[in-house]
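# Results of the structural survey
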Amino acid sequence: MNNHLLQQLSIHPLPPQAPVPFELLLLADPSRKMINGYLDRGMLYVATLQGEITGEYLLLPESQSTIAIKNIAVQPQWQGKGIGKSLLQHASLEAARLGYEYLQIGTGNSSVAQLYLYQRCGFDIKAIWRNYFTEHYPEAIYENGIQCRHMILLEKTLTA
Ligand code: ACO
């Protein structure tokens, strides 16, 4: 995407009466049950371009000092154009504005592109929850020919 189009991207909280773009959240998390477990406790932000929702992220407070991006996704036709990076930058600014010190994000061991993107955006690996996906998801998940078994937790220290 060229800078001109990215400049038109608006990222803002989902308005109270607007429907949740559930299909988009399912791109990041295949379990409706898991999504329903955090949706109501989180703050959902959407990225719009000319009125169309192109992406989203959801922030969920974990403690007084830490907030996590529990779900982040960009519509397939808009992926690879810089929107994901813009959402991560926005999430960092928003988390700092809300007074948090740390921003966390978790992804599977098989999510190679996401691990690349998150580290490029300043996140560092903090922990590995072994067998998280095999224990919490009923179906086996495969990506890039690798079984998704473990959760890699990454963290970024925010500067106010
Ligand atoms: N393979 C390799 N590199 C990639 C890929 C890919 N599939 N996708 C993005 N990248 C790279 C880009 O080249 C770019 O790198 P650069 O800055 O060095 O040029 C960088 O990652 C940023 O790319 P963006 O265009 O900003 O990313 P995008 O808009 O595609 O958003 C996202 C990334 C959110 C992961 C999107 O691809 C997506 O929605 N994927 C499906 C859902 C998903 O996996 N969500 C994350 C699950 S984990 C969680 O929700 C906490």
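Residues numbered from 1 in each chain as written. Predicted model: local features only at pLDDT ≥ 70, side-chain atom pairs only at ≥ 80, totals over all residues. Heavy atoms only, no water.

## Some words on the sheet that holds strand β9 (residues 151–157)
As a reminder, the rule being used: Each pair of strands is called paired provided DSSP finds at least two bridges between the two strands. We count a stretch as a helix when DSSP gives it H or I for four or more residues in a row; a strand needs E for two or more, and each element gets its number in order from the N terminus. Angles run from 0 to 180 degrees between N-to-C directions of axes, and those axes are lines fitted to C-alpha atoms, restricted for helices to the stretch in contact.
What the 7 strands build is an open sheet, ordered β1-β2-β3-β4-β5-β9-β6; its pairing is mixed. The sheet terminates laterally at β1 (10–13) and β6 (124–129), the two strands that pair on one side only. Strand-to-strand, the axes of this sheet are offset by a mean angle of 30 degrees, without reference to chain direction. Taken together, the 4 bridges between β1 and strand β2 (residues 43–49) define a ladder with antiparallel strand orientation. Its bridge partner lying in β2, S10 is registered against T48.

## Things to note about the site of the ligand
The following threshold applies: Residues are classed as near a molecule or strand on a simple rule: at least one heavy atom within 4 Å of it. The definition of a polar contact used here is a pair of N or O atoms within 3.5 Å, where within protein one atom must be able to donate a hydrogen and the other to accept one, and adjacent residues in sequence count solely through side-chain atom pairs. Note on residue categories: nonpolar means Ala, Val, Leu, Ile, Met, Phe, Trp, Tyr, Cys or Pro, charged means Asp, Glu, Lys or Arg, and polar means any other residue, Gly included.
Looking at the ligand, there are 24 residues lining it, with I72, G82, K85, Q114 and Y116 nearest. V74 is positioned such that a nitrogen or oxygen atom in its backbone is 2.8 Å from an oxygen atom of the ligand. At a separation of 3.0 Å, an oxygen atom of the ligand approaches a polar backbone atom of K81. A breakdown of the residues in the shell around the ligand according to their chemical character gives 12 nonpolar, 8 polar and 4 charged.

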